[in-house]
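Here are the chains, one letter per residue:
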Amino acid sequence: MRAMRAEQFSGYEALKLVELPKPTVTDGKVLVRIRAAGVTPLDHTILTGQFHGIGAPLILGNEGAGVVKEGGGAEFPAGSRVMFWGAYGAFEDGTYREWIAVRKEDLCLIPDNVDDVSAAGIPVAYLTAQVALTLAGFRPGKTVLAPAIGGSVGNAVTQLARALGAKHAISSTTNHAKAEQAKTLGFNEVIDTSVEKLTDGVRRITDGYGADIIIDGIGGEVLSEAVKALAPGGSLITLGYSASRKTTIDVTSLIVSQTSIRGFNMFSQPQAVVADAWKSIAALLQSGAVKPIVAKTFPLVEAAEALRYLVQGRPFGRVVLTV
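My aim in this report is to walk through the structure given alongside it, one point at a time. No experiment lies behind these values; they were computed from the predicted model shown.

### Overview of the overall build of the chain
Looking only at helices and strands, the chain has 10 helices and 16 strands in total. Compactness check: the chain gives a C-alpha radius of gyration of 19 Å against a globular reference of 20 Å for 323 residues, within 12% of the reference. Overall, the C-alpha framework of the chain stretches about 60 × 40 × 35 Å when taken along its three principal axes. Counting across all 323 residues of the chain, residues that qualify as buried make up 53%. Taking the contacts inside the chain whose residues are at least 6 apart along the sequence as the reference set, 69% of them involve residues at least 24 apart. Summed over its atoms, the accessible surface of the chain is roughly 13,600 Å², and 51% of this surface lies on carbon and sulfur atoms. Of note, the chain has its 31 positive side-chain charges centred 1 Å away from the centre of its 30 negative side-chain charges.

This is the structure:
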C-alpha cells in the first residue's frame, strides 16, 4: 500500500512516499479503500512540529472518503461509499494512503449526489461548523458571523447557518477577488475587509444590531475585531488560529454587552454529539441545501505541494488528494 508519511515533523520535505502493509480489520474496525483525502491546516500544524499528538513517523490526513471493503456489517455493507473523520492523522496514522481501518462510529454514508472528492473535504469543516453552531445556541432567525468565506470552517458555517434559517449568514475576506468570487457563488453577505472594517460591515448588514453568534477559526486581529461585532448577549466560539495564536481583546466589548467567548476542540466532543451532527449534515447535503466547494485536487504523491498550496495559496475552497 502506498502512503505519504511524515518521517519527522520538520516541514514539507519530511513527507515521503512509502510502501506499507495493508491494514487488517480487527476490534470491530471497517476496512476502507480510500479514494480521496482532505488536506487541512491541522496537517500543516502537525508537519511543522506545532501539535502535541504522537511522534513521527506519522501518516497525515484527518479526513477522507472511500469504499467499504469489509467489516461494515449491515450498516455499512461492502461497496458502500463512506466519509469519515476522527483521531486519524493526529493521534494515529491518517488518510494520506490507499487503505485504512476505520472505527464504525466515525463513518457516514455519502449521499448519492456527492462525489468522492467533495465528500473527502466535508467531515472536518462541516462537523466542526455544525457542532459549534449547536453549542452556541443557534436557532432560526439568529445572525451568524463566520470570518474567512474561502476557508473550510468559515464557508461551512456560512452555508449551514443559511440553510438552517439564519436571519443573516455573514462572512468576510481580506481579498477583493475572493469577495467577488463569493458573490458569484451566491454568498451575498461577505464583508471585504480590504475596503471596510469587519465590525463596520456587520453593523451595516444588521442595521447596527451585530451578530448573535460568531464562529472564528482565524484568531489574531480577526478575533480582536470580531468581538466588537457581537450583539448584546451574543456568544463567540474560537476554534482556530491561522492568523495567530495570540490576540488582544478590549474586555469592555464583553462587559458592556454581556457577551461571552468560549474555546472549542472538535476532538473533545462526545460521540453522540458528533452522530447528531452527521445526521443533520447528511440531510442538508442530500437536499442540496449545502454544497462543498473544492478549489483544487492533487495526486497522493504531491501531498507536500497540496499542503503548500493550501497554506501559501490560500484558495477559495478545499484542497483534496486523490488516491
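Here the narrative resumes.
### With respect to unusual backbone geometry
Backbone torsion omega between Ala-56 and Pro-57 reads 0°, so that peptide bond is classified as cis. Residue position: Pro-57 is located in the loop between helix 1 (41-47) and strand 4 (58-59). Positioned with a positive phi, Asp-207 is a non-glycine residue whose angle comes to about 55°. Checked against the element boundaries, Asp-207 lands in the loop between helix 6 (198-205) and strand 12 (211-216).

### Some remarks on the packing of helix 3 (residues 123-135) against helix 9 (residues 271-287)
Where helix 3 contacts helix 9, the axes come no closer than 9 Å and their chain directions differ by 105°. Regarding the angle of helix 3 to helix 9, the classification is roughly perpendicular. Contact with helix 3, carried on its side by Pro-123, Tyr-126, Leu-127, Gln-130 and Val-131, involves Val-273, Val-274, Ala-277, Trp-278, Ser-280 and Ile-281 of helix 9 and no other residues of that element. Taken together, the residues that form the contact of helix 3 with helix 9 break down as 9 nonpolar, 2 polar and no charged.

### Describing helix 9
For helix 9, with 17 residues, the first-to-last C-alpha span of 25 Å sits near the 24 Å given by 1.5 Å per residue. Here helix 9 has its buried residues at Val-274, Ala-277, Trp-278, Ile-281, Ala-282, Leu-284 and Leu-285. Viewed end-on, helix 9 has its buried residues packed into an arc of 165°, placing them on one side of the element. More than 90 degrees from the buried face of helix 9, the exposed residues found are Ala-272, Lys-279, Gln-286 and Ser-287.

### What to know about the pairing of strand 15 (residues 294-299)
Strand direction decides the pairing type here: strand 15 and strand 16 (residues 318-322), joined by 5 bridges, are parallel. The residue bridging Thr-297 from the neighbouring strand is Val-320, located in strand 16. Where the polypeptide runs from strand 15 across helix 10 (residues 303-313) and back to strand 16, its parallel neighbour, the crossover connection is right-handed.

### Digging into the pattern of salt bridges
Here the structure, examined in full by the defined rule, presents 11 salt bridges. Where Asp-116 meets Arg-81, a salt bridge forms, and the shortest distance between an N and an O atom there is 3.0 Å. Highlighted residues: Asp-116 in helix 2 (residues 116-120) and Arg-81 in strand 6 (residues 81-85), separated in sequence by 35 residues. Assessed through its relative accessible area of 25%, Arg-81 is described here as partly exposed. Linking Lys-183 and Glu-180 is a salt bridge whose minimum nitrogen-to-oxygen distance equals 3.8 Å. On the criterion of helical spacing, the pair formed by Lys-183 and Glu-180 is a turn pair, its members being 3 residues apart in helix 5 (residues 176-184). Three or more residues are tied together by salt bridges with common partners; here these are Arg-2, Arg-33 and Glu-98.

### A few points about the packing of aromatic side chains
Under the defined criterion, the tally for this structure stands at 5 aromatic pairs. Look at Phe-84 and Tyr-88: their rings are 5.7 Å apart centre to centre, the planes differ by 85°, and that puts the pair in the edge-to-face class. Classification of Phe-84 as buried rests on a relative accessible area of 0%. Since its relative accessible area comes to 0%, Tyr-88 is described here as buried. Taking NZ or CZ as reference, Lys-22 lies 4.3 Å from the ring centre of Trp-99, over its face. In this structure, Lys-296 packs its charged tip against the face of Tyr-309, placed 4.9 Å from the ring centre.

### Topic: the sheet that holds strand 11 (residues 190-192)
The 6 strands are arranged 11-10-9-12-13-14 in an open sheet whose pairing can be described as parallel. This sheet does not close on itself; its edge strands, each paired only once, are strand 11 and strand 14 (260-263). Sheet twist, expressed as the average angle between the axes of neighbouring strands with direction ignored, equals 20°. Alignment of strand 10 (residues 168-173) against strand 11, held across 3 bridges, turns out to be parallel.

### Digging into helix 6
What helix 6 keeps buried is the set Leu-198, Thr-199, Gly-201, Val-202 and Ile-205. An end-on view of helix 6 places all buried positions within 160° of arc, on one side of the element. Packing partners of the buried residues in helix 6 comprise strand 9 (143-145), strand 10, strand 11, strand 12 and helix 7 (220-227). Looking at the residues trailing helix 6, positive phi occurs at Asp-207, about 55°.

Conventions and cut-offs
Residues numbered from 1 in each chain as written. Predicted model: local features only at pLDDT ≥ 70, side-chain atom pairs only at ≥ 80, totals over all residues. Heavy atoms only, no water. Helix = DSSP H or I, 4+ residues; strand = E, 2+ residues; numbered from the N terminus. Rg over C-alpha atoms; globule rule 2.2 N^0.38 Å. Buried < 20%, exposed > 50% of the residue type's maximum accessible area, 1.4 Å probe, protein only. Contact = heavy atoms within 4.5 Å. Areas by Shrake-Rupley, 256 points an atom, 1.4 Å probe, with all protein chains shown as cover. Lys, Arg positive; Asp, Glu negative; His and termini not counted. Charge placed at Lys NZ, Arg CZ, Asp CG, Glu CD. Axes fitted to C-alpha atoms, helices over the stretch in contact; angles between N-to-C directions. Parallel < 35°, antiparallel > 145°, perpendicular 65-115°, else oblique. Nonpolar A, V, L, I, M, F, W, Y, C, P; charged D, E, K, R; others polar. Expected span 1.5 Å × (residues − 1). Arc of directions from axis to C-beta. Pairing = 2+ DSSP bridges. Right-handed = clockwise from strand over helix to strand, strands pointing away. Salt bridge = Lys/Arg side-chain N within 4 Å of Asp/Glu carboxyl O. Phe/Tyr/Trp six-rings, centres within 6.5 Å; stacked < 30°, edge-to-face > 60°. Lys NZ or Arg CZ within 6 Å of the ring centre and 35° of its normal.

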